[in-house]
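Residues per chain, in single letters:
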Amino acid sequence: QLLLEVGFTGAVNLRQLCFQSPADGRAPGSIRLFANAPHLDFDSAESRQASQEVDLKPLWRRSGGEAKVTPDACRDDWTCEVKLSITRFQRVDTLTVFVADNVDDQ
């Protein structure tokens, strides 16, 4: 699990997040996003209602390619683009990303 807080110098409108990861199975599998909820800990990130939850596993692609990625394909980096709910990510001062598991987690 990973908990990452990103603070902005002013309010921003977020439309999309892009992730990049080595293609060795350590890529995030599912995430929970929290807009304007600073100072979360792991317990509150698991129990609190997220602004948006995303299963990233079907979204990962090889960098520069169209092909879907499986954990066995370890030659290239993976990239993932997540479209955000426009209404939930307006005037965001802080974005907290909770990575609940990895692609290889069973």
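Reading the values: the criteria
Residues numbered from 1 in each chain as written. Predicted model: local features only at pLDDT ≥ 70, side-chain atom pairs only at ≥ 80, totals over all residues. Heavy atoms only, no water. Helix = DSSP H or I, 4+ residues; strand = E, 2+ residues; numbered from the N terminus. Buried < 20%, exposed > 50% of the residue type's maximum accessible area, 1.4 Å probe, protein only. Contact = heavy atoms within 4.5 Å. Areas by Shrake-Rupley, 256 points an atom, 1.4 Å probe, with all protein chains shown as cover. Pairing = 2+ DSSP bridges.

A. Spatial organisation of the overall build of the protein chain. What the protein chain contains, in helices and strands, is 1 helix and 7 strands. Reading the helices (α) and strands (β) of the protein chain from amino to carboxyl end gives β-β-β-α-β-β-β-β. Put simply, the protein chain has 106 residues, and 39% of those count as buried. The contacts of the protein chain with a sequence gap of at least 6 include a subset with a gap of at least 24, amounting to 75%. For the protein chain, the accessible surface area stands at approximately 6,600 Å², while carbon and sulfur atoms represent 45% of it.

B. Here's a closer look at the environment of Thr 96. When you line up the elements, Thr 96 lands in strand β7 (residues 92-102). Overall, Thr 96 belongs to the buried group, its relative accessible area being 1%. A sequence separation of 63 residues divides Thr 96 from Leu 33, and the C-alpha atoms of the two residues are 5.8 Å apart. Discounting chain neighbours no more than four positions away, the residues touching Thr 96 are Leu 3, Leu 4, Glu 5, Arg 32, Leu 33, Phe 34, Ala 37 and Leu 40.

C. Representation of the pairing of strand β6 (residues 78-83) in the model. Residue alternation in β6 divides its side chains into a buried set, Trp 78, Cys 80 and Val 82, and an unburied set, Thr 79, Glu 81 and Lys 83. When strand β2 (residues 16-21) meets β6, the two strands line up antiparallel, connected through 6 bridges. Opposite Gln 16, over in β6, you have Lys 83 as the bridge partner. Strand direction decides the pairing type here: strand β5 (residues 61-62) and β6, joined by 2 bridges, are antiparallel. Along β6, the bridge assignment pairs Arg 61 with Thr 79.

D. Region of the structure containing the sheet that holds β2. Pairing is antiparallel in the open sheet, where 3 strands are placed in the order β2-β6-β5. Looking at strand neighbours, the two that pair on one side only are β2 and β5, the edges of this open sheet.

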